Each structure stands twice: as C-alpha cells, then as structure tokens.
Amino acid sequence: MKALIVDDEKHVREGLILLAQWDTHGIHTILEAEDGAEAIELIKEHRPEIIFTDMRMPRRDGISLLKWLYSAEINSKTIVVSGHDDFQYMRNALYYKSFDYILKPIEPEVLNETLGKAVREWKVQALSRKTQVEENQVLNEVKPLYWDRFFSKLCQSQEVSAAEDYKIRKEFGLSIANKQKKIALIPIQQLVKTAFLGDRELAFFTVSNIANEIVRKTNEGVCFRNLDNEEELVIIIWNEQNGTLIFNDIVRAIYQYSKVHPLLAAGKATVDLKKAYDTAHRVLQNHDLASSKKMATLEEMTSSPLLHLLDHSNELKWALRSGSMEQVDAQLKTLFTSLEKEHTFSLQQISAWETQFNLLRNNWLKEYEIDSEGPFYNGRDYWSEDGSFAPEKFKREKAGEFKELVELLSQAKYQTEKNSMQQIEEYLLQHYQEDITLQEIADRFYLSREYISRKFKQDYKATITDYLTSIRMDRAKKLLENPHLKIYEVAYGVGYQNEKYFSKVFKKQEGVTPNEFRQSLSGKI
C-alpha cells in the first residue's frame, strides 16, 4: 500500500513519517507533497490508498484538494491533519467525504488508531469494489446471451407481448409492439471460413458488434445470434423506412473489417415478427448465390425447382459400380449442366444436395457391406476469399466426395464385380423377350464389353448369348406346355421374331423341334 502526506511544513511531514506505524498497517511507500497542486500530480501517478493533508497551504489548499478528490471519484481514504479547530474546515472535510479530522499537535495513539481504521475500511471497500467489478463483468458477458435468447424466441412469435415490450422499452427506450419491423439475416458460414479461420464464436462476436454499433447508434434496431439456427445472425430494424440504408451500411462495414462480402437477406416489413423472419429466411434460402448481388430482397427473389440427386440415383449407382471416375464425372457433368441451366445455386439447393448425397452414400456403402460411420470427406469449401460463392469450387468439392466413394467401393472390388454380374443376370431374366445386345448391356452398366464377357463367363460358365438362349429356351418349354399356343406365338413370347430361326435354335439346344417337344409332353412319341 501507499500513503501520501501533504503539508507545506517539512517538519510536520517528517513527524508523521516517524510517528505512524506504517509497516504494521502494510504501508511500504510514503510520498510527500508541499501543497494540493503537487499532491494531485502524485495521486494521478501513484494512486495512494491513504492521504494525509493539511488544510492551510499555499497555491492549492486542503479544501481545494478535497474537492478535486471528490469530483475525480478517487477511492483513497483522506485524513485531514490541521492545527485549526475551525468549523468551516471541518464542515468541508465532512462534506467532501474525508475519513477523519486530526488536530495538531498529533498524538501517536490517535494517529495510529485513525490510520488503522482507514486502512481496514479501505480494504473492505476495495473488496466490495472488486466484487462489483467481477459481477459487472459477468453481467456484461451474460447480457448478450440473454438478448440472443430473448429475440430468438421473439422471432417465432406473431406478436410482442406486453411483458416483452416492457423489457424492450426498458432496454431500448421505445415500444416496438405496433411498429412495422423488417428482419435481415446474415449467414455466418462463409465469414467463419474465409475471415475468421474457422473461429465461429469470434465471427459471431465481431460481426454482431459491427452491426449493433450501426443500429444502436441511432436506436433503430438490434443484431443478435439466432439460437434456433446456429448458422445465422439476425438484424431487426424497427424503423423500417431506413432499413435498406442501414443494411447497406452493415454490409459495407463488415467488408471494411473482414474484406469479405457478406450475404444479407432482407424480408418483408410487417408488425408480425414471425412473418418478418419467415420472409427473410425464404429470401436467404432461395437467393442465387452465383449472383453478384450481396443484398437479397423479397422483391427480387426468384424460385426454381430443386435438382434432386435421388432422381438420378440409378444412373449414379451404376457409374459408381463401374469403378471408373470417368463414368462418374460424365454423370456429374450432366447434373452440373442441368443445375446451371434449369436450377439455382441457392442455400436450399446446396442443402438438398448435401442431405441426399449423404443418404445415397450411406445406402451404397451398406449395400457393399462397408462401414458407413465414416469419417468421410465432406466438401464444404464453396467460397472465394472475398466471401462470394464459387460454382467451380462447389463442383470440385462434390466431385471430391464422389471420388472418395469410388475409391471406397473399389476396395470392395470382388463384391462390386459380383454384384455387377448379378445385376446383369437379373436384367437378362427381366428382358429376355427383348432384342438384347452386348453393347447395350455395356452402356447400361458402364462396363466394357470385353470385361462383361470375361467376368460373366467366369461367374456363370457361359457366355452372355448362351445364357440368354438358355433363359429363352426354359421359358419356351413352359409355354409349349400350353397346347393352344401356336409355335410362332411361343417364338414371339421368348424374344424371337422368326419362327423358323426359333425352331432351329430350340432343336440345337434341346435336340428336338418345338413340335416334337410338345408331342413328347402328350406321350405321342
């Protein structure tokens, strides 16, 4: 602790230094000043806990010093030491919160008793001040969380209740219950990745502070973190006439700080907060991210049908089963072309793609008996350094996910090949009545003709042609059991357009003609 002695008489200062039991009271630094002016400079620099001061001094006297201490809200304990038992001095000492008043000549017992009391009171009050500071710090940390929760809940309400409006009036000084309100949403994802090195909490803290500095300056709104959606900041403007200007100011301020262009989606101005939020959310989800506009509005919103991966699951599945990334790239190129020409790169579209891809990937992995728990590559880097959406990055990321999937399926090569041949067999059983060619099968299953011929014969001990013929002959024998069917009807029913050719193939396969086979069934041969 530190003490300051203020007196124009040197012998008085020396007397106080000798008489006071400084060590006993934990005071190890003693400062001296000849008048109030010199004392103020020392107080500013050293912040002593205890101050002894005379009342009559040149330049700046004790009363002037007490006034300054009072107005500056200095927490030191001031003890007046005066040779004058003057009511005017005592009254000023009391008025300006002096701790005590000691008369000269100074008695050691009185001095040390007063000093001890002053030190103890200073410590008690210092502890109280520290507790208050800590409480204020906690309150300052908790307060934003309270308002985040308060306004997040409010955005799901159609009207502001009397109790909610009272809290807003108390904090913001106005009622918003019947005001036209406009809501804007800022998705935080691209800001987190490009400007804050993945630190989500820092991104929310910084961007909300930037926005609140603008809207709170003129008390036109509030910005908060939506606790019902971890990906967005919400801005409520209750002076909706200035909404567009305020939103533009916020976008510019965020860019000036982060060098990232944030997307801001503004909804409809309405008394109903839920409707205001819902329209802003719809704008955010449907906005074309490939557009150069960084502020999306309801008036400019366009909607297009979503591209669903599930609608293309069969083609994608066979491309994956081929084990060829070229085949997968061909399918993806078709999808990307369709996405650019007939659909929109919106947050809703991206979410639909990601959700459906995860569903399809899990199904395909289970089919191949591969652990579907992951971890898997999830390509999410769709943003340029300035925060704008990059379609080419989106394509690369999605292709990267499929590439990993091809590699995983290739590791189960035997199962993949087996399943491919089983699917071809199933296809032959279902389409034996049609004119099937090896090239058609190769195109359908994204496999080479040579590979199919070799692998099918290895698994089924027969060529594709021979296997198809055996299927047709088995079906023909069943049909020949019906005596009412003509031979040409049987031939047509198993995929032959020429009765004579059918009879020739049948005899080669079974050793008898179709007629002879039928007669054998009736016991005539």
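Criteria and thresholds
- Residues numbered from 1 in each chain as written.
- Predicted model: local features only at pLDDT ≥ 70, side-chain atom pairs only at ≥ 80, totals over all residues.
- Heavy atoms only, no water.
- UniProt positions renumbered as here; feature names shortened; annotations may be inferred.
- Axes fitted to C-alpha atoms, helices over the stretch in contact; angles between N-to-C directions.
- Helix = DSSP H or I, 4+ residues; strand = E, 2+ residues; numbered from the N terminus.
- Parallel < 35°, antiparallel > 145°, perpendicular 65-115°, else oblique.
- Contact = heavy atoms within 4.5 Å.
- Nonpolar A, V, L, I, M, F, W, Y, C, P; charged D, E, K, R; others polar.
- Buried < 20%, exposed > 50% of the residue type's maximum accessible area, 1.4 Å probe, protein only.
- Arc of directions from axis to C-beta.
- Core = buried A, V, L, I, M, F, W, Y, C linked by side-chain atoms within 4.5 Å.
- Domains from an automatic or database assignment.
- Salt bridge = Lys/Arg side-chain N within 4 Å of Asp/Glu carboxyl O.
- Pairing = 2+ DSSP bridges.
- Disulfide = S-S within 2.5 Å.
- Patch = residues over 30% accessible without salt bridge, like charges linked within 9 Å, V, L, I, M, F, W, Y side chains within 5 Å.
- Areas by Shrake-Rupley, 256 points an atom, 1.4 Å probe, with all protein chains shown as cover.
- Lys, Arg positive; Asp, Glu negative; His and termini not counted.
- Charge placed at Lys NZ, Arg CZ, Asp CG, Glu CD.

Under an unreviewed UniProt entry, the protein chain has the name Response regulator and belongs to Rossellomorea vietnamensis. Under Subcellular location (unreviewed entry), UniProt gives the following word-for-word description of the protein chain: "Cytoplasm".

S.K.: Which parts of the structure should I look at to understand the packing of helix α13 (residues 347-367) against helix α14 (residues 391-411)?
M.R.: Angle between the axes and distance between the axes: these two values describe a pair of packed helices. Their axes nearest at 11 Å, the elements α13 and α14 cross at an angle of 5°. As the angle between them shows, α13 and α14 are arranged roughly parallel. When α13 is examined against α14, the residues I350, W353, E354, F357, R361, W364 and L365 are found in contact with a partner set consisting of F394, K398, E401, F402, E404, L405, L408 and L409. Taken together, the residues of the contact of α13 with α14 break down into 10 nonpolar, no polar and 5 charged.

S.K.: Sorry, what's going on with helix α1 (residues 10-19) here?
M.R.: In an α-helix there are 3.6 residues to a turn, and that puts residues three or four apart on one side. Those residues of α1 not exposed but buried are V12, R13 and L16. Seen end-on, α1 carries its buried residues on one side only, within an arc spanning 100°. Looking at α1, the residues exposed on the side facing more than 90 degrees away from the buried face are H11 and L18.

S.K.: Sorry if this is basic, but what is going on with unusual backbone geometry here?
M.R.: Apart from glycine, the bulk of residues carry a negative phi angle, and the bulk of peptide bonds sit in the trans form. In this structure, the amide linkage connecting K104 to the following residue, P105, adopts the cis form with an omega of -5°. Position of P105 among the secondary structure elements: in the loop between β5 (100-103) and α5 (108-154). Positive phi, close to 55°, is recorded for N219, a residue that is not glycine. Examined against the element boundaries, N219 turns out to sit in the loop between α8 (200-215) and β7 (221-225). A positive phi angle is found at K461, which is not glycine, with a value near 60°.

S.K.: I would appreciate a short explanation of the nonpolar core in the present structure.
M.R.: Among soluble globular proteins, nonpolar side chains are generally buried collectively. If you look at the biggest cluster of nonpolar residues, it comprises 60 residues, and the most contacted ones within it are F151, I183, I236, W353, F394 and F402. Among the domains, domain 2 (173-300) and domain 3 (309-405) are the pair contributing at least three residues each to this core. Apart from residues lying up to four places away in sequence, F394 is in contact with F336, L339, F345, I350, W353, Y382 and F389. Residues Y427, Y451, Y467 and L468 belong to the second largest nonpolar core, which totals 32 residues.

S.K.: Could you clarify how one ought to interpret the side chain of T114 in this entry?
M.R.: Relative to the helices and strands, T114 is located in helix α5. Not counting chain neighbours up to four residues away, the residues in contact with T114 comprise I79, F99, D100 and I102.

S.K.: What am I meant to see in the pattern of salt bridges here?
M.R.: A pair can form between side chains of opposite charge whenever their charged atoms are brought close. Within this structure, the stated rule accounts for 24 salt bridges. Salt-bridge contacts for D7 lead to K104; the nearest nitrogen and oxygen are separated by 3.1 Å. Residue D7 is located in the loop between β1 (2-6) and α1, and its partner K104 is located in the loop between β5 and α5; the two are separated by 97 residues in the primary sequence. Look at K104 and you get partly exposed, because its relative accessible area is 24%. The salt bridge involving D278 is made with K274; its shortest N-O contact spans 2.9 Å. Linking D278 with K274, this pair stays in helix α10 (residues 273-286), spanning 4 residues, or about one helical turn. Owing to a relative accessible area of 26%, K274 belongs among the partly exposed residues under this scheme. In the salt-bridge network here, residues are joined through shared partners; they are E354, R380, K398 and E401.

S.K.: What is the right way to read the domain arrangement of the protein chain from this model?
M.R.: A common way to express how large an interface is: the accessible area buried when the components associate. Considered domain by domain, the protein chain is made up of domain 1 (2-128), domain 2 (173-300), domain 3 (309-405) and domain 4 (432-523). Put simply, the middle of domain 1 and the middle of domain 3, counted by C-alpha atoms, are 78 Å apart.

S.K.: Help me understand the sheet that holds strand β9 (residues 264-266) in this model?
M.R.: The strands making up a sheet are joined through hydrogen bonds of the backbone, oriented either antiparallel or parallel. Read from one edge of the open sheet, 5 strands run β7-β8-β6-β9-β10, paired in mixed fashion. With one partner strand each, in any of the chains shown, β7 and β10 (295-297) form the two edges of the open sheet. Pairwise comparison of adjacent strand axes, ignoring direction, gives a mean angle of 20° for this sheet. Direction of pairing for strand β6 (residues 182-187) relative to β9: antiparallel, over a ladder of 2 bridges. Its bridge partner lying in β9, L185 is registered against A265.

S.K.: Hey, could you run me through the UniProt feature "modified residue: 4-aspartylphosphate" (unreviewed entry) in the protein chain in this one?
M.R.: Sites flagged by UniProt as "modified residue: 4-aspartylphosphate" (unreviewed entry) map to D54. Examined against the element boundaries, D54 turns out to sit in the loop between β3 (50-53) and α3 (62-71). When near neighbours in sequence (up to four residues on either side) are disregarded, D54 contacts V6, D7, D8, G62, V81, S82 and K104.

S.K.: How do you make sense of the state of the cysteines when you look at a structure like this?
M.R.: Applying the stated criterion to the full structure yields 0 disulfides. Cysteine C155 remains unbridged, with the sulfur of C223 as its closest cysteine sulfur at 11 Å. Residue C155 is classed as buried on the basis of its relative accessible area of 2%.

S.K.: Just to check I follow, could you spell out a negative patch on the surface for this structure?
M.R.: Residues D8, E9, E34 and E38 make up a contiguous surface patch of negative charge. By the element assignment, E9 lies in the loop between β1 and α1. A residue is classified by how much of its surface remains accessible, and E9, at 34% relative accessible area, is partly exposed.

S.K.: Whenever I open this one, the sheet that holds strand β2 (residues 29-33) confuses me. Can you help?
M.R.: Spatial strand order, β2-β1-β3-β4-β5: 5 strands in an open sheet with parallel pairing. Of all the strands in the sheet, the pair left with one neighbour each is β2 and β5. Ignoring which end each strand starts from, the neighbouring axes of this sheet average 20° apart. Of the pairings in the sheet, the one linking β1 to β3 comprises 4 bridges and is parallel in character. For A3, the partnering residue across the bridge sits in β3 and is I50.

S.K.: Help me understand helix α16 (residues 438-445) in this model?
M.R.: Restricting attention to buried positions, one finds in α16 the residues I441, A442 and F445. The arc that holds the buried residues of α16, viewed along the axis, is 100°, so those residues lie on one side. Immediately beyond the C-terminal end of α16, within one or two residues, lies Y446, with a positive phi of roughly 55°.

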